Amino acid sequence: MTHGIVEREDLLYVGYYLYQLWELNDTGERIAGRCLRPVLMIKGQPDPSGLDRAQRAIRTVARELGLEITVVPW
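Residues numbered from 1 in each chain as written. Predicted model: local features only at pLDDT ≥ 70, side-chain atom pairs only at ≥ 80, totals over all residues. Heavy atoms only, no water.

**Comments concerning the overall build of the chain**
Defined as follows: A helix here means a DSSP run of H or I that spans at least four residues, while a strand means a run of E at least two residues long, and both kinds are numbered starting from the N terminus. Within these notes, the globule rule equals 2.2 Å times the number of residues to the 0.38 power, and the radius of gyration is based on C-alpha atoms. Burial classification: accessible surface area is computed with a 1.4 Å probe over protein chains only, and a residue below 20% of its type maximum counts as buried, one above 50% as exposed, and the rest as partly exposed.
Helix and strand content of the chain: 1 helix and 5 strands. Expected size for 74 residues packed as a compact globule is a radius of gyration near 11 Å; at 12 Å, the chain falls within 12% of this value. Dimensions of the chain, computed from C-alpha atoms along their principal axes, come out at roughly 40 × 20 × 15 Å. A buried classification covers 35% of the 74 residues belonging to the chain.

Encoded structure:
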């Protein structure tokens, strides 16, 4: 099974977090972005319902691509 990681980018200036699923090669290098989901920031935290939708979307894409997610910043 191919490995993947999820990275979070904090876009404080626009009030969003971006969660991105990356596919990794055998040496652990990122080779392809597979899913990008924005989540609204509320009082410095991810919106719970938006985060839930992002998690489900990313997990669905990972499952469809056969990626085992090894790092998640939820």
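**Structural notes on the packing of aromatic side chains**
The criterion, for reference: Between 30 and 60 degrees the pair is tilted, below 30 it is stacked and above 60 it is edge-to-face, where a pair is any two Phe, Tyr or Trp rings, Trp via its six-membered ring, whose centres lie within 6.5 Å. When the NZ atom of lysine or the CZ atom of arginine is within 6 Å of a ring's centre and also within 35 degrees of its normal, the charge is said to sit over that ring.
Taken as a whole and judged by the stated rule, the model has 1 aromatic pair. Taking 5.4 Å as the distance between ring centres and 40° as the angle between the ring planes, the aromatic pair formed by Y19 and W74 counts as tilted. With Y19 in strand β2 (residues 16–24) and W74 in the segment after β5 (67–71), this pair connects stretches of sequence that are 55 residues apart. Positioned above the aromatic ring of W22, the side-chain terminus of R30 is 4.7 Å from the ring centre.

**Let's talk about the sheet that holds β5**
Definition in use: Strands are treated as partners if at least two bridges between them are detected by DSSP.
Strand order across the open sheet formed by 5 strands is β4-β3-β2-β1-β5, with mixed pairing between neighbours. Edge strands, defined here as strands with exactly one partner in the open sheet, are β4 (45–46) and β5. Of the strand pairs in this sheet, strand β1 (residues 2–11) and β5 are connected by 4 bridges, and their pairing is parallel. For T2, the partnering residue across the bridge sits in β5 and is L67.

**Regarding the pattern of salt bridges**
As a reminder, the rule being used: Whenever Lys or Arg places a side-chain nitrogen within 4 Å of a carboxyl oxygen from Asp or Glu, that contact is recorded as a salt bridge.
Throughout the structure, instances matching the rule amount to 4 salt bridges. Of the charged contacts in the structure, one is a salt bridge between D10 and R8, with a shortest N-O distance of 2.8 Å. On the basis of relative accessible area, D10 is assigned to the partly exposed category, the value being 37%. The partner of D52 in a salt bridge is R56, with the nearest N and O atoms 3.1 Å apart. One end of the pair is D52 and the other is R56, both in helix α1 (residues 48–65) and 4 residues apart, which spans about a single turn. For D52, a relative accessible area of 35% gives the class partly exposed.

**Thoughts on α1**
Note the cut-off: Take the residue count of a helix, subtract one, and multiply by 1.5 Å to get its expected span. Contact definition: two residues touch when any of their heavy atoms are within 4.5 Å.
Taking 1.5 Å of rise per residue, 18 residues should cover 26 Å, and α1 covers 26 Å from first to last C-alpha, within 8% of that figure. Burial in α1 covers these residues: G50, L51, A54, Q55, A57, I58 and A62. Buried-residue contacts for α1 involve β1, β2, β3 (30–42), β4 and β5. In the stretch just after α1, G66 is the one whose phi turns positive, near 70°.

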